[in-house]
Amino acid sequence: MKCPFCQHDETQVLDTRVSEEGDAIRRRRRCAKCDKRFTTYERIELIMPVVVKKNGSRTEFAAAKLRGSLMLALRKRPVAAAAVDTAISSIQEKLLTSGKREVDSGYIGELVMQELKQLDKIAYIRFASVYKNFEDLAEFQDAIAEVGHERKPRKP
């Protein structure tokens, strides 16, 4: 670690503590040359992968876009805000733990469909119809049948 005052390369760690929030390590250091003291912090750096769109362009991951897509599919559906937040966190965690520097937008779409399938079947069909670009009634019927097979039988 270089001294911020004289740029000397040798510094000594005098004290190390975990921050109050527990998300960083605070170190008090002393320069071996000028004897001045300074503080450094170590934090975890998590970087979301870059999204590669269908046209090949690349863009930063935007949690707001993810939330917007989910909310549009869930419009006027009885799903709690906490459940939506949990779904978004789950998708972001899968992206972070994938270890990939770039992901296709299609992969994110698949993750969204997985979450919607668990949250609300109607929202899943809404999203799938746009995402998969259904062109005829048969494709709708196939998607409905797929979701319908997982449904519990109704009581008379």
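Residues numbered from 1 in each chain as written. Predicted model: local features only at pLDDT ≥ 70, side-chain atom pairs only at ≥ 80, totals over all residues. Heavy atoms only, no water.

### Here we look at the overall build of the protein
Now for step 1: When you go through the protein residue by residue, the secondary structure sums to five helices and six strands.
Now for step 2: Starting at the N terminus and walking to the C terminus, you meet the elements of the protein as β-β-β-β-β-α-α-β-α-α-α.
Now for step 3: Across the 156 residues that make up the protein, the buried fraction comes to 26%.
Now for step 4: Considering only residue pairs separated by 6 or more positions, the protein has 42% of its internal contacts joining residues 24 or more positions apart. (Helix = DSSP H or I, 4+ residues; strand = E, 2+ residues; numbered from the N terminus. Buried < 20%, exposed > 50% of the residue type's maximum accessible area, 1.4 Å probe, protein only. Contact = heavy atoms within 4.5 Å.)

### Some details on helix H3 (residues 105-119)
Now for step 1: Given a rise of 1.5 Å per residue, 15 residues ought to cover 21 Å, and the 21 Å separating the end C-alpha atoms of H3 matches this to within 8%.
Now for step 2: For H3, the full list of buried residues reads Ile108, Gly109, Leu111, Val112, Met113, Glu115, Leu116 and Lys117. (Expected span 1.5 Å × (residues − 1).)

### Let's talk about the side chain of arginine 29
Now for step 1: Positionally, arginine 29 belongs in strand E2 (residues 24-31).
Now for step 2: As a buried residue without a salt bridge, arginine 29 has its nearest oppositely charged side chain in glutamate 42, at a separation of 5.0 Å.
Now for step 3: Of note is the side chain of arginine 29, whose polar atom sits 3.2 Å from the side chain of threonine 40.
Now for step 4: Setting aside chain neighbours within four positions, we find arginine 29 in contact with Met1, Thr11, Gln12, Val13, Leu14, Lys36, Arg37, Phe38 and Thr40. (Lys, Arg positive; Asp, Glu negative; His and termini not counted. Salt bridge = Lys/Arg side-chain N within 4 Å of Asp/Glu carboxyl O. Polar contact = N/O pair within 3.5 Å; in protein donor to acceptor, adjacent residues only side chain to side chain.)

### Here's the deal with the packing of aromatic side chains
Now for step 1: All chains considered together, the criterion is met by zero aromatic pairs.
Now for step 2: When the ring centre of phenylalanine 5 is taken as origin, the NZ or CZ atom of lysine 36, which lies over that ring, is 5.1 Å away. (Phe/Tyr/Trp six-rings, centres within 6.5 Å; stacked < 30°, edge-to-face > 60°. Lys NZ or Arg CZ within 6 Å of the ring centre and 35° of its normal.)

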